[in-house]
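Listed below are the residues making up each chain.
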Amino acid sequence: MIRAIRGMKDILPPETSRWQWVEARARETFELYGYREIRLPLLERTELFARSIGADTDIVAKEMYTFADRRGDSLTLRPEATAQVVRACLENGLMRGAGVRKLYLMGPMFRYERPQKGRYRQFHQINCEALGSDAPELDAEVILLLLDLLGRVGLKNLRLLINSLGCPQCTVDFKAQLQLFLKAQEGWCDDCLRRLNTNPLRVLDCKSQHCKALLAAAPVMEDSLCEDCAAHYRRVLSLLDGAGQPYEKNPHLVRGLDYYTRTAFEVTAVGLGAQDSVAGGGRYNGLARDLGGADLPGLGFAIGEDRLMEVLPQEAGPDETSLSFLAALGDAARERAFFLLREIRAQGLSADMDFEGRSLKAQMSMADRLGAAFVVILGDQELAEGTALLRRMATGEQEAIPLNDLVPALTVHLGHKEGN
Ligand code: HAM
């Protein structure tokens, strides 16, 4: 049998209902803050990611699904969405007269990482990007939106970690200090030894426990921030304070992508194990310019939806299903049920039946498997009497009901479930 690719999982019903429920909450939250959806291709030119995420990052150096198409152009399955959102804004002139452009995007991303709990090769992100302003209020709003969204789906025990990575001017100074520190220590892994010269900030993001321990005494970016960047960071923190949003400053948080400037943040969740970052984001004021566009400040975040689902509380999710199952016995009853289905569905209620002429027992177990809330039992005898048996599956209660009253009764019982 041909199996799915390692690190790529099937998401099956009824779990898909929980995914849909989370995505519906995300859409509602984005709309509240003035965001609109953007849908972009899964494939982009490799160069887009190499230039934005950084050639020296793990993502670009080791994790991209890159191949030549039939013409020989190098294409890559998107490992993240920020670079392509910026590309799309520039290419489609979305910033013309826009002020701040607020966009959200949901969908699969691809990274060739070693699969483990919470880490997949195809995973799903809920992305938020706000372009066109460097105001610290926007940073605070984006971070509060993220926590608002995670709260609305019922996530608890979250930690918000925050740092400022400054602007290219502050980084020059900091990189020099960091390099001095890194060269004075021994025992770095091979990646760090190379990056120490090419891109010292990346060393701060090393996953090796040994390097992490060595880094505890490394200099911190906050001490090298220029006055503008320091004031920006202070303002973001004071707005979070004012909003009553707790956070922890993490002076070594650099994130795994090179495009970040100023604010960088991550949200971790208890219960995720080693891969505990449920969302991450930050500002990327130089990204549009790096891609050949005009200066276009922006920031955003991405939630790892697969990880979010792993810590979604049991009680979160759609209400019980509103499906009615028509269990018909005999040809005449089956035909009547076929047309009843149409009437029920016309009311906006879900309904289904069996077309195979199965026994009542088999039909009841089908209804059970589909998670039906009600089963309507319709035999030739009931049909002759103009009635049906309406059975509430949760309690087993059953009542005979005139066939003419059936659709209105289901509407009363199930109609209010709409929107869940
Ligand atoms: P990132 O930190 O690479 O940032 O990814 C964001 C989130 O995606 C992570 O916190 C994690 O929950 C999830 N994630 C990443 N890799 C995997 C994986 N292999 N398996 C499962 N989940 C994963 C970005 O992608 C940036 N584009 C975020 C951003 C948006 N920054 C500004 N705007």
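Residues numbered from 1 in each chain as written. Predicted model: local features only at pLDDT ≥ 70, side-chain atom pairs only at ≥ 80, totals over all residues. Heavy atoms only, no water.

**Student:** Before we go on, may I ask you to explain the overall build of the chain in this structure?
**Tutor:** In terms of regular secondary structure, the chain is built from 15 helices and 16 strands. Counting only C-alpha atoms and orienting by the principal axes, one finds that the chain spans roughly 90 × 50 × 40 Å. The contacts in the chain between residues at least 6 apart in sequence include a share of 70% that link residues at least 24 apart. Carbon together with sulfur atoms contributes 50% to the accessible area of the chain, which is approximately 20400 Å² in total. Within the chain, one finds 51 positive and 58 negative side-chain charges whose respective centroids are separated by 4 Å. (Helix = DSSP H or I, 4+ residues; strand = E, 2+ residues; numbered from the N terminus. Contact = heavy atoms within 4.5 Å. Areas by Shrake-Rupley, 256 points an atom, 1.4 Å probe, with all protein chains shown as cover. Lys, Arg positive; Asp, Glu negative; His and termini not counted. Charge placed at Lys NZ, Arg CZ, Asp CG, Glu CD.)

**Student:** So what exactly am I meant to see when it comes to the sheet that holds strand 1 (residues 36-37) here?
**Tutor:** Backbone-to-backbone hydrogen bonds pair the strands of a sheet. The strands run either parallel or antiparallel. Read from one edge to the other, the open sheet built from eight strands follows the order 1-5-6-11-10-9-7-8, with strand pairing classed as mixed. Whereas interior strands pair on both sides, the edge strands pair on one side only; in this sheet they are strand 1 and strand 8 (248-249). (Pairing = 2+ DSSP bridges.)

**Student:** Is there a simple way to think about the site of the ligand in this case?
**Tutor:** Taken together, 27 residues lie around the ligand, and E80, E113, Y120, Y260 and S277 are the ones closest in. Within the side chain of Y259, a nitrogen or oxygen atom sits 3.0 Å from a nitrogen atom of the ligand. Between the ligand and Y260 there is a distance of 2.6 Å, counted from a nitrogen atom to a side-chain nitrogen or oxygen. If the ligand stood free it would expose 660 Å²; the protein chains cover 96% of that surface. Mapped by element, the contributors of at least two residues to the shell around the ligand are strand 6 (122-131), strand 10 (277-283) and strand 11 (298-304). For the shell around the ligand, the element with the highest residue contribution is strand 10, accounting for six residues. Class assignment for the residues of the shell around the ligand results in ten nonpolar, ten polar and seven charged. (Near = heavy atom within 4 Å. Polar contact = N/O pair within 3.5 Å; in protein donor to acceptor, adjacent residues only side chain to side chain. Nonpolar A, V, L, I, M, F, W, Y, C, P; charged D, E, K, R; others polar.)

**Student:** How should the environment of R152 be read in this particular structure?
**Tutor:** Assignment of secondary structure puts R152 in helix 5 (residues 136-152). Overall, the relative accessible area of 38% leaves R152 in the partly exposed class. Spatially, the C-alpha atom of R152 lies 9.0 Å from that of V22, the residues being 130 residues apart in sequence. Not counting chain neighbours up to four residues away, the residues in contact with R152 comprise W21, T29 and L32. (Buried < 20%, exposed > 50% of the residue type's maximum accessible area, 1.4 Å probe, protein only.)

**Student:** Looking at this structure, I do not really get unusual backbone geometry. What am I missing?
**Tutor:** The phi torsion of most residues other than glycine is negative, and most of the peptide bonds are trans. Following P13, the chain continues into P14 via a peptide bond in cis, with omega recorded as 5 degrees. In this fold, P14 is placed in the segment before helix 1 (15-32). A positive phi angle, near 55 degrees, is found at N157, a position not held by glycine. Topologically, N157 is positioned in the loop between helix 5 and strand 7 (158-164). Under the relative-accessibility criterion, N157 is labelled exposed at 57%. For R262, which is not glycine, the phi torsion reads 50 degrees and is therefore positive. Along the chain, the position of R262 falls in strand 9 (residues 261-269). By relative accessible area, which is 11% here, R262 ends up buried.

**Student:** Help me understand the packing of helix 1 against helix 5 in this model?
**Tutor:** In a pair of packed helices, the angle between the axes and the distance between the axes together describe the arrangement. Direction vectors running N to C along helix 1 and helix 5 enclose 145 degrees, while the axes themselves pass 10 Å from each other. For the pair helix 1 and helix 5, the crossing hand works out as right-handed. Residue-level inspection shows W21, A26, T29, F30 and L32 of helix 1 in contact with helix 5, the latter providing L145, D148, L149 and R152. Residue classes in the contact of helix 1 with helix 5 are distributed as six nonpolar, one polar and two charged. (Axes fitted to C-alpha atoms, helices over the stretch in contact; angles between N-to-C directions. Left-handed = near helix turned anticlockwise from the far one by under 90°.)

**Student:** Would you mind showing me how to read the pattern of salt bridges here?
**Tutor:** Side chains that carry opposite charge are capable of pairing whenever their charged atoms lie near each other. Tallying each qualifying case throughout the model produces 32 salt bridges. Measuring nitrogen to oxygen at the nearest pair gives 3.8 Å for the salt bridge that ties K117 to E310. Within this pair, whereas K117 is found in the loop between strand 5 (101-110) and strand 6, its partner E310 is found in helix 11 (residues 305-311), the two being separated by 193 residues in sequence. On the basis of relative accessibility, which here comes to 49%, the residue K117 falls in the partly exposed class. With a shortest N-O distance of 3.1 Å, E222 and K249 are connected by a salt bridge. Within this pair, whereas E222 is found in the loop between helix 8 (209-215) and helix 9 (227-242), its partner K249 is found in strand 8, the two being separated by 27 residues in sequence. Judged by its relative accessible area of 32%, E222 is partly exposed. The class for K249 is partly exposed, based on a relative accessible area of 42%. Linked by salt bridges that have partners in common, D56, D58, K62, D191, R194 and R195 make up one network. (Salt bridge = Lys/Arg side-chain N within 4 Å of Asp/Glu carboxyl O.)

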